[in-house]
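Commentary on secondary and tertiary structure
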Amino acid sequence: MLRSSQPLTGPNRRRCREDEALLGTALGEGGRGFILDTRSAQAAKQARMGGGGTEPKASYPRWRRLHRALERGRPLQESFARLVETCSDPSLSMDRWLGRLESSRWLSHVKAALSTACLAAQCMDREQSSVLVHGAEGTDTTLLVTALAQLILDPACRTLEGFQGLLEREWIQAGHPFHLRCARSAHSHARPKQEGPLFLLFLDCVWQLSRQFPFSLQFGERLLLTLFDNAYASAYGTFLCNNEKERSLCKVKESTHSLWSWLSQPEQQQKLLNPLYSHNALVIWPSVEPQSIQLWQGLFLRWIRPSQHLDEAWAEIQRLVEEN
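Below is a summary of the structure that appears in this document. Because the structure is predicted, anything quoted here is derived from the model rather than measured.

Okay, the pattern of salt bridges next. The full count for this structure, using the stated rule, is 13 salt bridges. Salt-bridge contacts for arginine 65 lead to aspartate 37; the nearest nitrogen and oxygen are separated by 2.8 Å. Placement of the pair is arginine 65 in strand β3 (residues 63-67) and aspartate 37 in strand β2 (residues 33-37), with a sequence separation of 28 residues. With a relative accessible area of 23%, arginine 65 lands in the partly exposed category. According to the relative accessible area criterion, aspartate 37 is buried, its value standing at 0%. The closest approach of N and O atoms between aspartate 140 and arginine 181, which form a salt bridge, is 2.7 Å. Remark: arginine 181 occurs in helix α8 (residues 178-181) and aspartate 140 occurs in the loop between β4 (130-134) and α6 (141-153); sequence separation between them is 41 residues.

The next subject is the side chain of threonine 38. Of note, threonine 38 is situated in the loop between β2 and α2 (41-49). For threonine 38, a relative accessible area of 3% puts it in the buried group. Of the polar contacts made by the side chain of threonine 38, one reaches the side chain of threonine 141; its length is 2.7 Å. The residues contacting threonine 38, other than those within four sequence positions of it, are Arg68, Ala69, Leu70, Val133, His134, Gly135, Thr141 and Val145.

The rules behind these values
Residues numbered from 1 in each chain as written. Predicted model: local features only at pLDDT ≥ 70, side-chain atom pairs only at ≥ 80, totals over all residues. Heavy atoms only, no water. Salt bridge = Lys/Arg side-chain N within 4 Å of Asp/Glu carboxyl O. Helix = DSSP H or I, 4+ residues; strand = E, 2+ residues; numbered from the N terminus. Buried < 20%, exposed > 50% of the residue type's maximum accessible area, 1.4 Å probe, protein only. Polar contact = N/O pair within 3.5 Å; in protein donor to acceptor, adjacent residues only side chain to side chain. Contact = heavy atoms within 4.5 Å.

Written out as C-alpha cells, the structure reads:
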C-alpha cells in the first residue's frame, strides 16, 4: 500500500513519466491497482480547476480511481466539539441526548473512516491489488486510512510493540502535524483553521476494532486513552511539532523523553495489555453497520461517569486469566 501527498500530474504541470514508471513498477507485470482518493469527486474537480493536480486516466491506465470523501479540519473539529458538549451535559433527556448525538455526526465520521479503510484492505486482500491512498495533503486522512488498513490486515500491528511501530511510522514519521491539529481541546471557544482531531478519530476507530474483536488486540483501552491525552498535553516529546524536520530543528529527541520508553516499562505494560488477547493470524473485518458503531464511552463520558467499577472488573478479569 502506497500513500501520496501530491498529485502526480496536473493542468499546470508537465506529464511526469518518472512517476508513471514508478507506479508501473509498483504494480509489476500485468498487475492492476486502485487510487483511493479521500477527497470527494467534486473537491478533486475544484482543486483541479484551481490549478491543483490529479492523476489523468490516460497516463495511468492500470489504475482505477475510487473517491471516498473523509472530512478533516474544521468540519471534524466542530463535530468533536458538539459531541463533547453533548457528553458533558448530564441534564439532557433521552430524546435530546439522542438528537444531539446524531447531530454531532461524530459516529458518522467513525463509520466513514472504517468503511474506507476496509475498502483499501479489501482491494489488497481480496483483489490482490496495489493501493495508492491519496489525500489533500497526505498527512491527515491518508494516514488515517493506511494505518487502519494495516491494523485490519496485519496481526503484527495488533501487538503492543507493533502498534507503537505503526504509530511511529504512519503518524509521526509520515508528518501528521500534531502541533496544528491538537493545538486546543474541544472545550476551547477558539476554532483555529488548522485544528482537526484526525488522530483522535483514528484512536476511536481502533477502539471500535477492539470492541468488535476483544481477543485480537494485545493492548486495551487504557493505551488509547493515554495516547489521546498525550497528543493534546504531554510531558514527553513524542507528539511535539508537526514533522520530523521541526523535531530535528527543535532537538526534541535530545531535550525530551520518549513516550514509548515510558510505556515500555514492565509496570506500565502490565496496565496496558489486554488479558484476553490471543494471537489471531486472520484478517479482521469490522462491521460498519450503524448498529455496530458505538460511542466510545470510556473517553467521551469519563468526565461525568466514574470508571471505578469498570477498572475493578478489568482487574478481576486479569486476575482470573493469570490464575488459569
